[in-house]
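Structural description and commentary
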2 protein chains.
Amino acid sequence: MAERINRRIVMAARPEGAPRDGDFRLEETAMPEPGAGELLCRTLYLSLDPYMRGRMSAAKSYAARVELGELMVGGAVSEVLRSRADEFQAGDIVFAYSGWQDYWTAGVQGPRGVQGLRKLDPEIAPISTALGVLGMPGMTAYTGLYNIGQPRAGETLVVAAAAGPVGSLVGQIAKIEGLRVVGVAGSAEKCAYVTGELGFDAGLNHREAGFAEKLAEACPDGIDIYWENVGGAVFEAVLPRLNRFARVPVCGLVAQYNLTEPPPGPNRVPQLMRAVLTDRLLIRGFIVWDFADQEAEFRDTVAGWLRDGRIKYREDVIDGLENAPRAFQGLLEGRNFGKQIIRVAPGPTTQPRV
Amino acid sequence: MAERINRRIVMAARPEGAPRDGDFRLEETAMPEPGAGELLCRTLYLSLDPYMRGRMSAAKSYAARVELGELMVGGAVSEVLRSRADEFQAGDIVFAYSGWQDYWTAGVQGPRGVQGLRKLDPEIAPISTALGVLGMPGMTAYTGLYNIGQPRAGETLVVAAAAGPVGSLVGQIAKIEGLRVVGVAGSAEKCAYVTGELGFDAGLNHREAGFAEKLAEACPDGIDIYWENVGGAVFEAVLPRLNRFARVPVCGLVAQYNLTEPPPGPNRVPQLMRAVLTDRLLIRGFIVWDFADQEAEFRDTVAGWLRDGRIKYREDVIDGLENAPRAFQGLLEGRNFGKQIIRVAPGPTTQPRV
């Protein structure tokens, strides 16, 4: 029975620069059996996120790294096939950091537990949103913007990777709060999306010539909040436009995750620090779990906005676990358009129970 | 009568890199006469501070620049020689941003007023402390440390320019708060001072070979607060030692004020931003007036510590207004040892009244 085979994608080699196919390996093992107090689950949707690049590096990062031969980490939405725990039953839909694989077992708690396990309510929103607008990316946007960005009506916010799951929510919340919002993205199509669909005031393609000049034009009153998702050239263009007391939440640096050595000079650190001093900038890095105590507030608020149609989201769904390595490589190059999701198995309604 | 001549030092040229003698010019004018509602004052002590270098540049800074031919700005302690304002009388000692000159007149308020004018109480502390530990440098240390540094007992603080008026108070307050304090300074003598006189746990000479290694040794638990006064090589050595959630109040960058172009590469900005993200660093620039509402609290608290002998300070006094340009050049190179002050005139007790 083919279904009894579990496919798992492990890290075969640490990437040097951009990850390549050979850095991943698809392995087949037997479908695991749940022990007492455990669940057996089938992955439906796997989330691909830029943070995974950091987990593949030997360098210090904000979370534990993946070791050679280990399962690639990742959040996923799964269906419970069999439950030997009182808190769950077959058919339940759950979120967990269960990794890049078809089937998994885990305890509901304790040493055999899986990180982040929680039951989803399909009535609230499509279950895949647990990976995006109502999940980690959404909470990243919400907590980082309110805690560090501190948006005030009338200010100007610039958000990088504006069409992505974090950036698109950052910009939409800022619009709700009454800010002028300028989105920066990597294609004309994405720029059209953030202005046409999401209601941003401007969308700028950072790959186009004259980007810095266009940014200045789009921000006639300067920039009060710059949401940093990418690093590199976008930040260089933003820096001279930052207003006094501007805030820079540093959420990601996807443009530089694949750097293998520092870029050529001159060294711009003195220039950056001078701007920090002269304009009394606040630059603060964070990850979503720094604000873990705000999870319920985030989910209630954003689910409400979703229900009221004040927030939109977009998913980029690719079929097949075997396509995750390629999709991940594309994500780091900005080839996705919307939250990158791998559909690992068809939805639960069409699935026979094991 | 020689006393009726007012000497003033004006900016003769904008410095390219390090200021030189020719960038300043000593002019002689007639001693001014106070109008109705005005004071005539004689400068006793003139403060020299690194921020003045920024005022001499055409580049945007955090305060208005000095124009060619204009009086050099600066805070000073003066004696009131004649008062035509009810609030003051001859013999009063005042602080004001009255600049590099012997005599000055100003209104007590209104368009002819002078910035920062306030009467000093010689009973509280020596009047020159209004330029240092009880003045702008002291308030910079106090407000920046509490508001941005957020010291917690048991943490490790590293302070650059540790023997200077700001750094020495930062470190002493941190000791009062129960932190481990490592001072970085530019000579063995200054290092001996911060450990021997000020009670810091370690003093490191950044000009010595192996500085980065010694810094690591002196901070076995990493660095939780780095007080940035200088920039450049000290910051580069500190960066890899910063702990998760470390705070970096950016108060000054004296090592780079004289830079005329960005230093050679590689470009370290991506490395810096990566550390910001990975370790969730907070980097925040400020100037003392961002916390202007805390002035009374600062002065009460630090005056109390002074009275109780919990805080020490050191002044580097040079005689003669004509020596201010040279002293200022030395200050930017770290040749001073303690708060740099120019004694413009002997103290009031030996002065005949005009």
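Residues numbered from 1 in each chain as written. Chains lettered and ligands numbered in written order. Predicted model: local features only at pLDDT ≥ 70, side-chain atom pairs only at ≥ 80, totals over all residues.

1. What about the overall build of chain A?
Tallying secondary structure elements over chain A gives 9 helices and 15 strands in all. The C-alpha atoms of chain A give 21 Å as radius of gyration, which agrees with the globular expectation for 354 residues (20 Å, within 12%). In chain A, which comprises 354 residues, the share counted as buried stands at 49%. For chain A, the proportion of contacts with a sequence separation of at least 24, taken over those separated by at least 6, is 65%. (Helix = DSSP H or I, 4+ residues; strand = E, 2+ residues; numbered from the N terminus. Rg over C-alpha atoms; globule rule 2.2 N^0.38 Å. Buried ≥ 20, exposed ≤ 12 C-beta atoms within 10 Å, placed from the backbone. Contact = placed C-beta atoms within 7 Å.)

2. Looking at the packing of helix 2 (residues 136–149) of chain A against helix 3 (residues 165–176) of chain A
All names here are of chain A. At a closest axis distance of 8 Å, the pairing of helix 2 and helix 3 adopts a crossing angle of 45°. Compared by their axis directions, helix 2 and helix 3 come out oblique. Where helix 2 crosses over helix 3, the handedness of that crossing is right-handed. Between helix 2, through P137, G138, T140, A141, Y142 and L145, and helix 3, the contact on the second element is made entirely by P165, V166, L169, V170, I173 and A174. Residue composition of the contact of helix 2 with helix 3, by class: 10 nonpolar, 2 polar and no charged. (Axes fitted to C-alpha atoms, helices over the stretch in contact; angles between N-to-C directions. Parallel < 35°, antiparallel > 145°, perpendicular 65-115°, else oblique. Left-handed = near helix turned anticlockwise from the far one by under 90°. Nonpolar A, V, L, I, M, F, W, Y, C, P; charged D, E, K, R; others polar.)

3. Details of the nonpolar core
Grouped together as the largest cluster of nonpolar side chains are 216 residues, with contacts concentrated most on A:L46 and B:L46. B:L46 has contacts with B:G74, B:A76, B:W100, B:L321, B:A324, B:I341, B:I342 and B:V344, leaving out every residue within four places of it along the chain. (Core = buried A, V, L, I, M, F, W, Y, C linked by C-beta atoms within 7 Å.)

4. Regarding the domain arrangement of chain A
Residue and element names in this part refer to chain A. The domain boundaries assigned to chain A delineate domain 1 (2–132 + 314–350) and domain 2 (138–291). Computed from C-alpha coordinates alone, the two centres of domain 1 and domain 2 are separated by 29 Å. At the junction of the two partners, domain 1 supplies 13 residues and domain 2 supplies 12 residues. Counted by class, the side of domain 1 that touches domain 2 contains 5 nonpolar, 5 polar and 3 charged residues. (Domains from an automatic or database assignment.)

5. Notes on helix 2 (residues 136–149) of chain B
All names here are of chain B. By the criterion of burial, helix 2 is predominantly enclosed, with 12 of the 14 residues buried. The complete set of buried residues in helix 2 reads M136, P137, G138, M139, T140, A141, Y142, T143, G144, L145, I148 and G149. Taken together, the buried residues of helix 2 touch helix 3 (165–176), strand 11 (223–227), strand 12 (242–250), strand 13 (282–285), helix 8 (295–307) and strand 15 (339–343). Among the residues trailing helix 2, Q150 stands out with phi positive, at a value near 50°.

6. Focus on the sheet that holds strand 13 (residues 282–285) of chain A
The strand order 10(A)-9(A)-8(A)-11(A)-12(A)-13(A)-13(B)-12(B)-11(B)-8(B)-9(B)-10(B) describes an open sheet built from 12 strands, whose pairing is mixed. Looking at the sheet topology across the chains shown, the edges are occupied by strand 10 (202–205) of chain A together with strand 10 (202–205) of chain B. Each neighbouring strand pair of the sheet contributes to a mean axis angle of 15°, computed without reference to strand direction. Taken together, the 3 bridges between strand 13 of chain A and strand 13 of chain B define a ladder with antiparallel strand orientation. The residue of strand 13 of chain B that forms the bridge with A:I283 is B:I283. This element, helix 3 of chain A, spans strand 8 (156–159), strand 9 (180–185) and strand 11 (223–227) of chain A of the sheet and lies at about 165° to strand 9 of chain A. Sitting on the sheet, helix 5 (residues 211–218) of chain A is in contact with strand 9 and strand 10 of chain A, with an inclination near 170° to strand 10 of chain A. (Pairing = 2+ DSSP bridges.)

7. Quick look at the relation of the copies chain B and chain A
Copy one and copy two of the chain differ by a rotation about a common axis and a shift along it. Between chain B and chain A, which share one sequence, the superposing operator has a rotation angle of 180° and an axial displacement of 0.0 Å; the RMSD is 0.0 Å. Interpreted geometrically, this transformation is the action of a two-fold axis. Scanning chain B for the C-alpha nearest the rotation axis identifies B:G265, at a separation of 1.6 Å. When the interface residues of chain B are mapped onto chain A, 100% of them again lie at the interface, so the same face is used by both copies. (Least-squares fit on C-alpha atoms with pLDDT ≥ 70 in both.)

8. Observations regarding the interface of chain B and chain A
The parts lose accessible area when they come together, and the size of an interface is often stated as this lost area. With 34 residues of chain B at the interface, the matching set in chain A holds 34 residues. Elements supplying a minimum of two residues to the side of chain B that touches chain A: helix 7 (269–278) and strand 13 of chain B. Tallying contributions element by element places helix 7 of chain B first for the side of chain B that touches chain A, with 9 residues. In terms of residue class, the side of chain B that touches chain A is built from 19 nonpolar, 8 polar and 7 charged.

9. Comments concerning the pairing of strand 3 (residues 38–47) of chain B
Residues and elements named next belong to chain B. With 10 of 10 residues buried, strand 3 is to be regarded as a mostly interior element. Pairing between strand 3 and strand 6 (residues 103–107): 5 bridges, direction antiparallel. By the bridge assignment, L40 is partnered in strand 6 with T105. Pairing geometry for strand 3 and strand 4 (residues 76–83), over 7 bridges, is antiparallel. Bridge pairing in strand 4 places Y45 opposite V77.

10. Digging into helix 8 (residues 295–307) of chain A
With 13 residues, helix 8 of chain A extends 18 Å from end C-alpha to end C-alpha; this agrees with the ideal 18 Å at 1.5 Å per step. Backbone geometry just downstream of helix 8 of chain A places A:G309 in the positive-phi region, at approximately 75°. (Expected span 1.5 Å × (residues − 1).)

11. So, unusual backbone geometry
All names here are of chain A. Following G265, the chain continues to P266 via a peptide bond in cis, the omega torsion being 5°. Positionally, P266 belongs in the loop between strand 12 (242–250) and helix 7 (269–278). A positive phi is found at A161, a non-glycine position, where the angle reads about 50°. Examined against the element boundaries, A161 turns out to sit in the loop between strand 8 and helix 3.

12. What about the environment of B:I176?
Here B:I176 shows up in helix 3. Along the primary structure B:I176 and B:P122 are separated by 54 residues, whereas in three dimensions their C-alpha atoms are 26 Å apart.

13. Observations regarding the environment of A:Y45
Residues and elements named next belong to chain A. Inspection of the secondary structure puts Y45 in strand 3 (residues 38–47). For the pair Y45 and F95, spaced 50 residues apart in sequence, the C-alpha to C-alpha distance is 9.5 Å. Contact partners of Y45, with chain neighbours within four places excluded, come to A76, V77, S128, L131, I341, R343 and V344.

14. A short note on the packing of helix 2 of chain B against helix 8 of chain B
Two measures define how a pair of helices packs: the angle their axes make with one another and the distance between the axes. All names here are of chain B. Contact geometry of helix 2 with helix 8 gives a least axis separation of 10 Å together with a crossing angle of 100°. Accordingly, the angle class assigned to the pair helix 2 and helix 8 is roughly perpendicular. Contact with helix 2, carried on its side by G138, M139, Y142 and T143, involves E295, F298 and V302 of helix 8 and no other residues of that element. Among the residues making up the contact of helix 2 with helix 8, the classes are represented as 4 nonpolar, 2 polar and 1 charged.

15. Some thoughts on the confidence of the model for chain A
Residue and element names in this part refer to chain A. Here chain A shows a mean pLDDT of 93. Residues at 70 or above account for 96%. Overall, residues 350–354 carries pLDDT values under 50, and its contacts beyond four positions in sequence, including any with other chains, amount to 6 contacts. Across the interface, the model reports ipTM at 0.89; the global pTM reads 0.91. (pLDDT = per-residue confidence, 0-100.)

16. Re the pairing of strand 5 (residues 93–96) of chain B
Residue and element names in this part refer to chain B. Judged from the 4 bridges that link them, strand 4 and strand 5 form a sheet pairing that is antiparallel. Considered in strand 5, the bridge of A76 is made with A96. Sheet analysis places strand 5 next to strand 7 (residues 118–119), joined by 2 bridges and oriented antiparallel. Paired with F95 across the strands is R118, a residue of strand 7.

17. Observations concerning the environment of B:L44
Looking at where B:L44 falls in the secondary structure, it is placed in strand 3. Along the chain, B:L44 and B:I342 lie 298 residues apart, while their C-alpha atoms are 8.3 Å from each other.

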